[in-house]
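Listed here are the chains, written in short residue letters.
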Amino acid sequence: QVQLVESGGGLVQAGGSLRLSCAASGRTFSSYAMGWFRQAPGKEREFVAAISWSGGSTYYADSVKGRFTISRDNAKNTVYLQMNSLKPEDTAVYYCAAGFFDIYSDSYDYWGQGTQVTVSS
């Protein structure tokens, strides 16, 4: 079992930055790939970024490539999402998830409760 708790969301102006954190409980955190997904109002949940269990591989959605960076610290059981050059279209609830290294939400077994990110124009 892995329990995930996101933090770091908030309101920011376009062009600004936020850093999301996802703290995991359980001693098996380092054995899971981690992903970030987001869901905007009226839209389906979409993939944002993923990182392998070791941190050696990462993958990004085209919409965030070059602006967002995913990283993890297995000693702290935490995964991060550094978001720079934020745009109003990045506004969504952001979720972290633990599972297999994939872009599909079905590959992830554990989910956090989400944190709201709002980007004003």
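Residues numbered from 1 in each chain as written. Predicted model: local features only at pLDDT ≥ 70, side-chain atom pairs only at ≥ 80, totals over all residues. Heavy atoms only, no water.

A. Main features of the overall build of the protein. Counting its secondary structure elements, the protein contains zero helices and eleven strands. Across the protein, helices and strands are ordered from the amino to the carboxyl terminus as β-β-β-β-β-β-β-β-β-β-β. Expected size for 121 residues packed as a compact globule is a radius of gyration near 14 Å; at 13 Å, the protein falls within 12% of this value. Across its three principal directions, the C-alpha atoms of the protein cover 40 × 25 × 25 Å. Expressed as a percentage of its 121 residues, the buried residues of the protein come to 44%. For the protein, the proportion of contacts with a sequence separation of at least 24, taken over those separated by at least 6, is 56%. (Helix = DSSP H or I, 4+ residues; strand = E, 2+ residues; numbered from the N terminus. Rg over C-alpha atoms; globule rule 2.2 N^0.38 Å. Buried < 20%, exposed > 50% of the residue type's maximum accessible area, 1.4 Å probe, protein only. Contact = heavy atoms within 4.5 Å.)

B. Broad picture of the environment of Phe-37. Tracing the backbone through its elements, the reader meets Phe-37 in strand E4 (residues 33-39). Phe-37 sits in the buried class, given a relative accessible area of 1%. Remark: the alpha-carbon pair of Phe-37 and Thr-58, spanning 21 residues in sequence, is separated by 14 Å. When residues no more than four places from it in sequence are discounted, the contact partners of Phe-37 are Arg-45, Glu-46, Phe-47, Val-48, Val-93, Tyr-94, Tyr-95, Ile-103, Tyr-104, Ser-105, Tyr-108 and Trp-111.

C. Representation of the pattern of salt bridges within the structure. One pass over the structure, following the stated rule, counts four salt bridges. Glu-46 is the partner of Arg-38 in a salt bridge, and the nearest nitrogen-oxygen pair spans 2.6 Å. The salt bridge involving Lys-65 is made with Asp-62; its shortest N-O contact spans 3.1 Å. In this structure Lys-65 comes out as partly exposed when scored by relative accessible area, which is 48%. The class for Asp-62 is exposed, based on a relative accessible area of 65%. (Salt bridge = Lys/Arg side-chain N within 4 Å of Asp/Glu carboxyl O.)

D. Here's a closer look at unusual backbone geometry. Positive phi, normally seen in glycine, also occurs at Asn-77, with a value near 55°. Of note, Ser-85 is a non-glycine position whose phi angle comes to about 50°, a positive value. Topologically, Ser-85 is positioned in the loop between strand E8 (78-83) and strand E9 (92-99). A relative accessible area of 41% places Ser-85 in the partly exposed class.

E. How the structure looks around the sheet that holds E8. In spatial order, the strands read E1-E3-E8-E7; together these four strands make up an open sheet with antiparallel pairing. At either margin of the open sheet sits one strand with a lone partner, and together these are strand E1 (3-7) and strand E7 (68-73). The average undirected angle you get between the axes of adjacent strands in this sheet is 15°. Of the strand pairs in this sheet, E1 and strand E3 (residues 18-25) are connected by five bridges, and their pairing is antiparallel. The partner of Ser-7 across the bridge, within E3, is Ser-21. (Pairing = 2+ DSSP bridges. Axes fitted to C-alpha atoms, helices over the stretch in contact; angles between N-to-C directions.)

F. Region of interest: the packing of aromatic side chains. For the structure on display, the rule yields six aromatic pairs. Judged by centre distance (5.7 Å) and plane angle (75°), the rings of Phe-37 and Phe-47 are edge-to-face. Of this pair, Phe-37 sits in strand E4 while Phe-47 sits in strand E5 (residues 46-51), placing them ten residues apart in sequence. On the basis of relative accessibility, which here comes to 12%, the residue Phe-47 falls in the buried class. Between the aromatic rings of Phe-37 and Trp-111, the centroid separation amounts to 5.1 Å while the plane-to-plane angle is 55°, which identifies the pairing as tilted. (Phe/Tyr/Trp six-rings, centres within 6.5 Å; stacked < 30°, edge-to-face > 60°.)

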